[in-house]
Amino acid sequence: MTDLNQGAAWMGGQIIPITDAAIPVTDWGLTHSDIAYDVVPVWRGAFFRLDDYVTRFIASLTAGRYDIGMDHAAICAALQDMVAASRLQDAYVAMVAARGRNPIAGSRDPRDCANHFYAWCVPYVHIVKPDAAAQGTSVWIAKSVRRIPADSVNPRVKNYHWGDFTSGLFEAKDRGFETTLLLDHQGNVTEGPGFNVFAVFGDKVVTPDAGVLHGITRQTVLDMCAEAGLTSAVRPLPLEEFWGADEVFLSSSGGGVIPVARVDDRHFSNGAAGPVATGLRQRYFDWIARDTHRTDVLYP
Ligand code: PLP
């Protein structure tokens, strides 16, 4: 059991320590990054919006033509068993469908592959350390790369196709920034590695409509705005308009609402976390503890 507390995996119905979890080198999941996945947070012993995450995962499976032979209930049961066995109270829980191995030598026909499901969990991941997030993080807009077009790799199907993000992250890290944000080929703001982005104009909160994953945290932000009396809009966000924002923040299942203090050499909200983002960040931590959105982990 102690092993599983560092992380556990569900593979073929077995729950094993994460350090023992592996897939074959000839799996198309590795050789072609041919994977659809999703990540649901567990917070204080309960999944947050579990049905929404699993519903999005199943939509990704359908769009990507993955057949894992498991329905919504079976996926939830696997996640439940795995997290319960790990005894983790706060966890990052990934569910993954890989294209699998092609049993026919040399075949390039994806229909021949043996698709398979696995899952893994580790202690909760904050994509930006909580202290740094509370102060307002820094974001570099990638110059050498644009977000891959949605008609090439559909960003609504959560995937492992991270070449564009990785290039952006090298640019950002080489310049001392925490993370990167990518534009599309029309000059609109899209998203970054593991997060959606929001710009605040007065009491109006705007997030891009297209070329992005429909983040569950993004949806939670839109829901929270309605509750907080803020207006929200989901629409294109051109970079020129973005520069005029009062505040900027990110949304992710890995840490909720993350205020941004600096983008490139431009300081937002006086180079600190803005009041709207800070309020939504606190509200998010309240929301993930709310009974209405929680599915208790059934620990042994
Ligand atoms: N955009 C991308 C590319 C992501 O990978 C993620 C999460 O990992 C998000 C946005 C945020 O989505 P969610 O709020 O569902 O975690």
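Residues numbered from 1 in each chain as written. Predicted model: local features only at pLDDT ≥ 70, side-chain atom pairs only at ≥ 80, totals over all residues. Heavy atoms only, no water.

**Points about the nonpolar core**
The nonpolar side chains of a soluble globular protein tend to be buried, and buried together. Within the largest apolar cluster, 33 residues are counted, with the highest numbers of intra-cluster contacts made by F47, L79, M82, V93, M95 and F117. Mapped onto this core, the elements with two or more residues apiece are β1 (8-11), β3 (35-43), α2 (50-64), α3 (72-86), β5 (91-98) and β6 (116-123). Residue contacts for M82: discarding those within four places in its chain leaves A8, A9, W10, I15, V93, A119, W120 and C121. In this structure, I141, L237, A245 and V260 belong to the second largest nonpolar core, which totals 22 residues. (Core = buried A, V, L, I, M, F, W, Y, C linked by side-chain atoms within 4.5 Å. Buried < 20%, exposed > 50% of the residue type's maximum accessible area, 1.4 Å probe, protein only. Helix = DSSP H or I, 4+ residues; strand = E, 2+ residues; numbered from the N terminus. Contact = heavy atoms within 4.5 Å.)

**What to know about the packing of α2 against α3**
For the pair α2 and α3, interaxial distance at closest approach is 10 Å and the crossing angle is 120°. With respect to each other, α2 and α3 are oriented oblique. For the pair α2 and α3, the crossing hand works out as right-handed. The segment α2 lies against α3, with L50, D51, V54, T55, F57 and I58 engaging H72, I75, C76 and L79. (Axes fitted to C-alpha atoms, helices over the stretch in contact; angles between N-to-C directions. Parallel < 35°, antiparallel > 145°, perpendicular 65-115°, else oblique. Left-handed = near helix turned anticlockwise from the far one by under 90°.)

**Looking at the site of the ligand**
Around the ligand sit 16 residues, and of these K158, E191, I216, T217 and S253 come closest. In this structure, E191 approaches the ligand through a side-chain N or O atom, which is 2.7 Å from a nitrogen atom. Note that an oxygen atom of the ligand is positioned 2.8 Å from one of the backbone N or O atoms of I216. Surface burial for the ligand is 92%, taken as the share of its 390 Å² of free accessible area covered by protein chains. Elements with a contribution of two residues or more to the shell around the ligand: α2, β9 (191-192), β10 (195-201), α6 (216-228) and β13 (247-252). Looking at the shell around the ligand residue by residue, the class counts come to five nonpolar, eight polar and three charged. (Near = heavy atom within 4 Å. Polar contact = N/O pair within 3.5 Å; in protein donor to acceptor, adjacent residues only side chain to side chain. Areas by Shrake-Rupley, 256 points an atom, 1.4 Å probe, with all protein chains shown as cover. Nonpolar A, V, L, I, M, F, W, Y, C, P; charged D, E, K, R; others polar.)

**Details of unusual backbone geometry**
Its identity as a non-glycine residue notwithstanding, D264 has a phi of 50°, on the positive side. Checked against the element boundaries, D264 lands in the loop between β14 (256-263) and β15 (266-267).

**Things to note about the environment of I15**
On the secondary structure map, I15 appears in strand β2 (residues 14-17). Taking the C-alpha atoms as reference points, I15 and A78, 63 residues apart in sequence, are found 9.1 Å from one another. Beyond its immediate chain neighbours, meaning those up to four positions away, I15 contacts L4, A8, A9, W10, D81, M82 and A85.

**Topic: the packing of aromatic side chains**
Under the defined criterion, the tally for this structure stands at 13 aromatic pairs. With a centroid separation of 5.9 Å and 75° between ring planes, the pair formed by Y284 and F285 is classed as edge-to-face. Accessibility assignment for this pair places Y284 and F285 in one class, buried. In textbook terms, an aromatic cluster arises when at least three aromatic residues are bridged by ring pairs, as seen for W43, F48, Y124, Y284 and F285. We note R99 situated over the ring of Y66; from NZ or CZ to the ring centre the distance is 3.8 Å. (Phe/Tyr/Trp six-rings, centres within 6.5 Å; stacked < 30°, edge-to-face > 60°. Lys NZ or Arg CZ within 6 Å of the ring centre and 35° of its normal.)

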